[in-house]
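Survey of secondary and tertiary structure
Each chain is listed here by its residues.
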Amino acid sequence: MPAITTEIDFTTNDLIRYMLQTNRFQNEDGSPAADRIEAGMAYLNTDWTTIRYERFASPGFDPEHPYIQDIDPDWKQDPNKRRDLSTYLGLKEVADEQFEIIKSGPNNEYTKAENSLLMCQRVDLWCAGEAEVESAIRHLVMLGKRFNSNNKHEEMEDTDRPDFITEFYPGASDF
């Protein structure tokens, strides 16, 4: 089926806000799921700036390094690293628990909400005429511009840029 799409750069917080606004947190009987609603609201209030800052509190060590289990599998038993990273570990544990509660809903409600939000960036063109195609393109371009530019300016200011490398790519062994 012909369709027009745009790439919307939404975050987990945007998805949780969407789920809260559209009453997606429901029990199997259709009643609101208070535990997941509370977890969603708490997750939205997570202090990610402090988590990002405290992540590098132990000099020369990154607890989220993708190969940390291969490099240093017993890092959590190291008293110096545990002491340095205590704030990070506490905040991260709470955020992870909240996220697991959010995702624990029946009938894959989290995945369905994610797919629903993804479908907001798609306009099907089955039997569409020239005017409908032009209108769909305008709508999606404006939606993409507004949403993507707002997120980038809102969440990533010049002072928020990380001081350390956050992505790791394995290189060739002969370098």
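Now for a description of the structure that goes with this document. Position labels on residues start from 1 in each chain and follow its written sequence. Local features in this predicted model are restricted to residues of pLDDT 70 or higher, and side-chain atom pairs are both shown and tallied only at a pLDDT of 80 or more, whereas totals for entire chains, interfaces and linings draw on every residue. Side-chain numbers come from the whole structure's heavy atoms, not from hydrogens or water.

The tendency in soluble globular proteins is for nonpolar side chains to be buried side by side. In terms of nonpolar packing, the biggest core is built from 16 residues, with L15, M19, Y43, I102 and Y110 touching the most fellow members. Listed by contribution, the elements that provide at least two residues to this core are α1 (12-21), α2 (34-44), α6 (86-103) and α7 (109-119). Runs of E in the DSSP output that reach at least two residues are strands. Runs of H or I that reach at least four are helices, and both are numbered from the N terminus. With 4 residues, the single largest contributor to this core is α1. In this structure Y43 touches T12, N13, I16, W48, A95, Q98, F99 and I102, once residues within four positions along its chain are discounted. With 7 residues, the next largest nonpolar core counts I51, F61, Y88 and L89 among its residues. Definition of nonpolar core: a set of buried residues of the types Ala, Val, Leu, Ile, Met, Phe, Trp, Tyr and Cys, connected through side-chain atoms within 4.5 Å. Relative accessibility under 20% of the residue-type maximum defines a buried residue, over 50% an exposed one, and the middle range a partly exposed one, all with a 1.4 Å probe and only protein chains included. The contact rule is simple, with two residues in contact once any of their heavy atoms fall within 4.5 Å.

We now examine the packing of α2 against α6. Running from amino to carboxyl end, α2 crosses α6 at an angle of 140°, the nearest separation of the two axes being 8 Å. Judged by the inter-axis angle, α2 sits oblique to α6. Like other packed secondary-structure pairs, α2 and α6 cross with a definite hand, here left-handed. Counting all contacts with α2, which are made through D35, R36, A39, G40, A42 and Y43, the residues of α6 involved are A95, Q98, F99, I101 and I102. Side-chain classes follow a simple rule in which Ala, Val, Leu, Ile, Met, Phe, Trp, Tyr, Cys and Pro form the nonpolar group, Asp, Glu, Lys and Arg form the charged group, and the remainder, Gly included, forms the polar group. Counted by class, the contact of α2 with α6 contains 7 nonpolar, 2 polar and 2 charged residues. Think of each axis as a best-fit line through the C-alpha atoms, taken over the contacting stretch in the case of a helix, with angles from 0 to 180 degrees between the N-to-C directions. Each angle gets one of four labels, with under 35 degrees taken as roughly parallel, over 145 as roughly antiparallel, 65 to 115 as roughly perpendicular, and the rest as oblique. When the near helix sits turned anticlockwise from the far one by under a right angle, the crossing is termed left-handed; a clockwise turn instead gives a right-handed crossing.

Looking now at the packing of aromatic side chains. Here a Phe, Tyr or Trp ring, Trp counted by its six-membered ring, pairs with any other such ring whose centre lies within 6.5 Å, and the pair is stacked when the planes are under 30 degrees apart, edge-to-face when over 60, and tilted otherwise. Per the stated rule, a full pass over the model turns up 4 aromatic pairs. Relative to F99, the ring of Y43 lies with its centre 5.6 Å away and its plane at 35°, an arrangement referred to as tilted. Taken as a pair, Y43 in helix α2 and F99 in helix α6 lie far apart in primary sequence, 56 residues in all. Here Y43 and F99 have matching classes, each one buried. Here the aromatic rings of F61 and W75 are separated by 5.2 Å at their centres, their planes lie at 50°, and the arrangement is tilted. Here F61, found in the loop between α3 (48-54) and α4 (68-71), pairs with W75, found in the loop between α4 and α5 (79-84); they are 14 residues apart in sequence, far enough to count as distant. By relative accessible area, F61 is classed as buried at 9%. Lying across the ring of F61, K81 places its NZ or CZ 4.2 Å from the centre. Criterion for a charge above a ring: Arg CZ or Lys NZ at most 6 Å from the ring centre, at most 35 degrees from the ring normal.

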